[in-house]
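# Structural characterization, general
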Amino acid sequence: MAEVRFESVSKVYDGGVRAVDNVSLTVEDGSLLVLVGPSGCGKSTTLRMVAGLEDITEGNVYIGGRLVNDVLPKDRDIAMVFQNYALYPHMSVYNNMAFGLKLRKYPRAEIDTRVREAADLLEIAPLLDRRPKELSGGQAQRVAVGRAIVRHPKVFLFDEPLSNLDAKLRVQMRVEIARLHDRLGATMIYVTHDQVEAMTLGSKVAVMKDGRLFQVDTPLGLYNHPAGRFVAGFIGSPPMNFLEGALKKDAGAVRFASADLTLTLPEAIVKAVRSHVGKAVYLGIRPENIQDAAFLTSADPSNVKVLHTEVVEPLGAETLVYLRAAEHGQDIVARLDSRSSPHVNQDARVAFDMARAHFFDRETEESLTYAAWYDGGLPA
């Protein structure tokens with residue numbers, strides 16, 4: 001296996017379109033890095049530059065310490081799994097998996113051993129004599145992964161491989177890919193626009209937007225400590241609530257005041273945002289940090305609010321509730337546990353856990369609390 005390293009890598013197309021902009025990133029040997037971001041953010045282009053399917057305009061890409069900018073794709077010792085499987089329809093599953101090895105003139109016995117080992121690993125041994133048209137979507141994707149495994153490459157590249165599957169199969173295949181990575185200990189780069197896939201698969205997750213790398217961290221690091229408003233809103237489902245307002249000092253306390261809500265900051269948060277008191281900010285708070293006040297005994301009374309219930313989405317173990325502080329205010333999503341029984345068009349008393357709140361500069365959208373978390377000044 002091998003480390004993959006990007007050094008100030010950019011891709012500029014004809015007409016000056018900068019699809020990837022100055023990306024520097026290291027994918028450690030044996031790790032699974034997920035590139036995630038909205039459509040058009042440059043994640044697939046970044047992956048294709050590793051594969052050699054896109055030329056690099058600026059910067060360098062290294063695989064296992066070897067500069068590969070001018071190395072042909074077939075000589076990079078990588079294997080790629082595509083969104084559309086790309087199986088040969090006239091070949092059996094066995095021959096689809098063996099085809100690349102046959103082109104490289106591997107001995108027949110070694111080809112057979114590699115194909116059958118990969119088929120056993122992916123639990124598709126009974127399918128080896130079938131044609132692609134006889135496979136389900138999940139089975140076809142396993143074959144595509146198996147075709148990559150038999151190569152024993154230094155790096156596996158996955159380009160949105162699950163996007164054509166239904167929801168249940170996506171969950172199943174996510175688990176299978178995670179198990180595969182654990183068993184192989186392989187270096188993998190996985191591209192997706194689905195932040196749930198990113199959170200559940202990646203050893204590290206790199207969030208991209210407009211061709212730029214915004215933040216790289218563990219999944220929980222991104223979730224709990226986003227460095228900016230974009231990452232905070234992109235990672236998490238439902239997404240983080242954002243309220244526009246200002247920080248104000250009032251009777252010895254610092255409060256966040258929007259058009260519809262006033263909330264009091266605990267001292268630890270005040271220390272992190274002191275430089276922005278008197279300034280406009282964004283407050284970010286995740287749905288799970290807005291709870292039914294009836295089941296909390298230690299909530300700050302100044303952060304308990306009566307909001308109007310607009311929509312209720314019962315999900316079994318939890319309930320998503322869409323609330324408003326005013327008739328024409330924005331929706332605030334709360335994730336309540338199964339003990340709560342909110343009703344549409346009725347008022348709900350909810351408590352905002354401001355110790356878990358995030359604050360962002362209104363102009364730069366950078367987090368004001370990020371540095372304090374990593375310095376140990378705020379709870380993890």
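Before reading on, note that the structure itself is shown above.
What you see is a predicted model; the values in this text were computed from it and never measured.

## Some remarks on the nonpolar core
One finds Val 34, Met 97, Val 115, Tyr 190 and Val 207 to be the most contacted residues of the largest nonpolar core, which totals 48 residues. Considering each element in turn, this core owes the most residues, six residues, to helix H4 (residues 137–149). Dropping the residues within four chain positions of it, Tyr 190 is found in contact with Leu 32, Leu 33, Val 34, Leu 35, Phe 158, Pro 161, Leu 162, Ile 177, Glu 197 and Leu 201.

## Regarding the pattern of salt bridges
Evaluation of the coordinates by the stated rule reveals 18 salt bridges. One salt bridge in this structure joins Asp 75 and Lys 74, with 3.4 Å as the shortest N-O distance. Classification of Lys 74 by relative accessible area gives exposed; the value is 56%. We note a salt bridge from Glu 288 to Arg 335, for which the minimum N-O separation is 3.7 Å. Taken together, the positions of Glu 288 in the loop between strand E14 (280–285) and strand E15 (290–292) and Arg 335 in strand E18 (residues 332–337) put the pair 47 residues apart, joining distant regions of the chain. The partly exposed category is assigned to Glu 288, whose relative accessible area is 25%. For Arg 335, a relative accessible area of 16% translates into the label buried. Here the residues in one salt-bridge network are Glu 3, Arg 5 and Glu 7, joined through shared partners.

## Topic: the side chain of Arg 76
Inspection of the secondary structure puts Arg 76 in the loop between strand E5 (66–67) and strand E6 (78–81). Contact partners of Arg 76, with chain neighbours within four places excluded, come to Met 49, Val 50, Ala 51, Gly 52, Ile 63, Val 68, Asn 69 and Val 71.

## Notes on the sheet that holds strand E3 (residues 32–36)
Read across the sheet, six strands follow the order E6-E7-E8-E3-E9-E10 without closing on themselves; strand pairing throughout is mixed. Edge strands, defined here as strands with exactly one partner in the open sheet, are E6 and strand E10 (212–217). Mean inter-strand twist for the sheet, computed between neighbouring axes without regard to direction, equals 20°. As judged from the five bridges shared by E3 and strand E8 (residues 187–192), these two strands associate in the parallel manner. Across the sheet, the residue bridging to Val 36 is Thr 192, located in E8.

## Quick notes on the environment of Pro 161
In this fold, Pro 161 is placed in the loop between strand E7 (155–159) and helix H5 (167–184). Here Pro 161 falls in the buried class, since its relative accessible area comes to 1%. Note: C-alpha distance between Pro 161 and Met 173 (twelve residues apart in sequence) is 9.4 Å. Contacts of Pro 161, omitting those with residues within four sequence positions, involve Val 81, Phe 82, Gln 83, Tyr 85, Gln 141, Tyr 190 and Val 191.

How each quantity is defined
- Residues numbered from 1 in each chain as written.
- Predicted model: local features only at pLDDT ≥ 70, side-chain atom pairs only at ≥ 80, totals over all residues.
- Heavy atoms only, no water.
- Core = buried A, V, L, I, M, F, W, Y, C linked by side-chain atoms within 4.5 Å.
- Buried < 20%, exposed > 50% of the residue type's maximum accessible area, 1.4 Å probe, protein only.
- Helix = DSSP H or I, 4+ residues; strand = E, 2+ residues; numbered from the N terminus.
- Contact = heavy atoms within 4.5 Å.
- Salt bridge = Lys/Arg side-chain N within 4 Å of Asp/Glu carboxyl O.
- Pairing = 2+ DSSP bridges.
- Axes fitted to C-alpha atoms, helices over the stretch in contact; angles between N-to-C directions.

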